[in-house]
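Working through the structure, step by step
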Amino acid sequence: MRKSLIFIVSAMLIISSVLIMSCGDNGGTTVSADAPTIGVTIYRYDDNFMSFVRRNIESLISGNAHLIMNDSQNNQAQQNDQVDVMLNREAKALAINLVDPQAAQTIIDKAKAKDIPVIFFNKEASPQAMASYDKTWYVGTKSEESGDMQGQVVVNTWRANPSWDKNGDGVIQYVLIKGEPGHPDAEARTSHVTKYITENGIRVQRLEELNANWDTARAKDIVDAWMQKHGDKIEFIFSNNDSMALGALQSIQALGYNQGDNNKFIPIVGVDAIPDMLNEIKKGTIVGSVLNDALNQAKAVVDLALNVSTGKEPLEGTDWTLDEVKAVRVPYVPITIDNIEVAENTYK
Ligand code: GAL
Ligand code: CA
């Protein structure tokens, strides 16, 4: 009797230690020992939007693969080292959010040498780099679409609010806060927002444009300076993303603007539709954004990575499609108070 009890207890201990061993990188969820290892990098953890993509990847992959997740801290050399380490740890697929889109070829060459598939996401590699390896895919968006949709929000809200044309000249005097220089999203959003507006019959005049690298604090400093210089002459603030739009909001709120009433108001639009931005849209302090779908982008990354890590075709068992450069494009959605629940649903 006693012997068999000892046997049962020790068997339980062995089983539980095996379970503990196999859950290492996966936050407590058990993964079978023969599940593939998938190596992921995020260009920097403190990027607001990317932190949502990362969390979605973690929860979707949980239980299906051993996950190695890296913060590349905005340093490409560091990311290159992380890729070496993941390949040495026998990762069966890599999902890479590049620091520098120009570095795609370096990563591809490393992976190709070991015949390991690579899925880039959020920062798009050049078509040449994509064509250099048959086991490379991209998950992201169509960057221009976000600029056009931001333009759509501007056109609709401007037409509905004639008082926003403070000098009454029929022209939008705007300032534009740009993301990282050379980032495909930043470039396309910047050119497409004004292209869309002018093609829809509203003239624009640029007062200022500067890079704030997606960052709230930097954007606040920049807008502080612009407000000093132009004040009420600014009729619209276009921001390449929400984090910077929120910095702009902090800046003008400190001067008594956008308190949620219609007294002193400068309209601001962003891109991403992250939860903090949705709260401001509800308060009436921000006019709109464009949903950058963190949930479905993460889902596509995980679907493709799980497939290719086990030797399957990338799209097997999924509804995703690939375009001519082997990219899955997750659609954007323009967001204002009228359809805010669309964005909220992706954050449930
Ligand atoms: C964009 C997003 C930005 C920032 C950037 C990082 O798609 O709108 O907020 O996260 O990606 O590459
Ligand atoms: Ca005007």
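Quick notes on the rules
- Residues numbered from 1 in each chain as written.
- Chains lettered and ligands numbered in written order.
- Predicted model: local features only at pLDDT ≥ 70, side-chain atom pairs only at ≥ 80, totals over all residues.
- Heavy atoms only, no water.
- Buried < 20%, exposed > 50% of the residue type's maximum accessible area, 1.4 Å probe, protein only.
- Helix = DSSP H or I, 4+ residues; strand = E, 2+ residues; numbered from the N terminus.
- Pairing = 2+ DSSP bridges.
- Right-handed = clockwise from strand over helix to strand, strands pointing away.
- Core = buried A, V, L, I, M, F, W, Y, C linked by side-chain atoms within 4.5 Å.
- Contact = heavy atoms within 4.5 Å.
- UniProt positions renumbered as here; feature names shortened; annotations may be inferred.
- Donors = N, O, S within 2.8 Å, 3.2 Å for Na, K, Ca; no water.
- 1 Å grid on protein atoms, 1.4 Å probe; cavity = no way out; pocket = protein on both sides within 12 Å on 5 of 7 lines; lining within 4 Å.
- Points joined across faces, edges and corners; volume = space filled by probe spheres on them.
- Domains from an automatic or database assignment.
- Axes fitted to C-alpha atoms, helices over the stretch in contact; angles between N-to-C directions.
- Nonpolar A, V, L, I, M, F, W, Y, C, P; charged D, E, K, R; others polar.

Here the focus is the pairing of strand β8 (residues 236-239). Burial along β8 is two-sided: F236 and F238 facing one way and I237 and S239 facing the other are all buried. Pairing geometry for strand β6 (residues 171-178) and β8, over four bridges, is parallel. Its bridge partner lying in β8, V175 is registered against I237. For β8 and strand β9 (residues 268-269), the ladder comprises two bridges, and the chain directions are parallel. Bridged to F238 within β9 is V269. With helix α9 (residues 242-253) bridging β8 and its parallel neighbour β9, the resulting β-α-β unit is right-handed.

Ranked by size, the top nonpolar core spans 63 residues in total, and within it F121, I177 and I237 carry the most contacts. By residue number, the principal contributor to this core is helix α11 (residues 294-309), which donates nine residues. Excluding residues that lie within four positions of it along the chain, F121 makes contacts with V40, T41, I42, M50, V53, I57, A95, I96, N97, Y138, V139 and V301. One finds M86, L98, I116 and A327 within the second-largest nonpolar core, a separate group that totals 21 residues.

Taking the UniProt record as the reference, the feature "domain: Periplasmic binding protein" (unreviewed entry) is found at residues 38-313. Taken end to end, residues 38-313 has its terminal C-alpha atoms 16 Å apart, with 46% of it in helix and 18% in strand.

Moving on, we come to the coordination of the calcium ion (ligand 2). Coordination of the calcium ion (ligand 2) by the protein involves D165 (OD), N167 (OD1), D169 (OD), V171 (O), Q173 (OE1), E235 (OE) and E235 (OE), with metal-donor separations of 2.2 to 2.7 Å. Counting residues between consecutive donors of the calcium ion (ligand 2) along the chain gives the motif D-x1-N-x1-D-x1-V-x1-Q-x61-E. Here V171 and Q173 have matching classes, each one buried.

In this structure, N122 is a non-glycine residue whose phi angle is positive, near 70°. Note that N122 resides in the loop between β4 (118-121) and α5 (127-131). Positive phi is not limited to glycine here, since W214 has a value of about 70°. Exposure remark for W214: the relative accessible area of 7% places this residue in the buried category.

A sheet is described by the order of its strands in space; here four strands give the open sequence β7-β6-β8-β9, paired in parallel fashion. Since the sheet does not close on itself, it has two edges, and those belong to β7 (203-211) and β9, each with one partner.

It is worth spelling out empty space enclosed by the protein at this point. In this structure the tally under the stated criterion is two cavities of 30 Å³ or more. Volume-wise, the largest cavity comes out at about 110 Å³. Lining the largest cavity are 14 residues, with D47, F49, N122, H183 and W214 sitting closest to its centre. Secondary-structure elements contributing two or more residues to the lining of the largest cavity are α2 (48-61) and α7 (184-199). Each of domain 1 (2-141 + 294-330) and domain 2 (144-291) accounts for three or more of the residues forming the lining of the largest cavity. One number sums up the size of the second largest cavity: a volume of about 30 Å³. Taken together, N122, Y138, G140, T141, D185, N292, Q297 and Y332 make up the full set of residues lining the second largest cavity.

Here we have six strands laid out as an open sheet, ordered β2-β1-β3-β4-β5-β11, and parallel in their pairing. The open sheet is flanked by β2 (66-71) and β11 (327-329), the only strands paired with a single partner. Taking the axes of each pair of neighbouring strands and ignoring which way they run, one obtains an average angle of 15° across the sheet. The pairing of strand β5 (residues 136-140) with β11 spans three bridges and is parallel. Paired with Y138 across the two strands is A327, which belongs to β11. α2 rests against β1 (37-42), β2 and β4 of the sheet, and its axis sits at about 165° to β2. Contacting β1, β3 (93-96), β4, β5 and β11, α11 runs over the sheet at an angle of about 160° to β5.

Another aspect to go through is the layout of surface pockets. Roughly 530 Å³ of volume is contained in the largest pocket. Ranked by residue count, the leading element in the lining of the largest pocket is helix α6 (residues 143-160), at four residues. In the lining of the largest pocket, the residues fall into 10 nonpolar, 10 polar and six charged. Reported here for the second largest pocket is a volume of approximately 160 Å³. Of all the elements in the fold, those that place two or more residues in the lining of the second largest pocket are α6 and α7. Both domains that meet at the lining of the second largest pocket, namely domain 1 (2-141 + 294-330) and domain 2 (144-291), each give it at least three residues.

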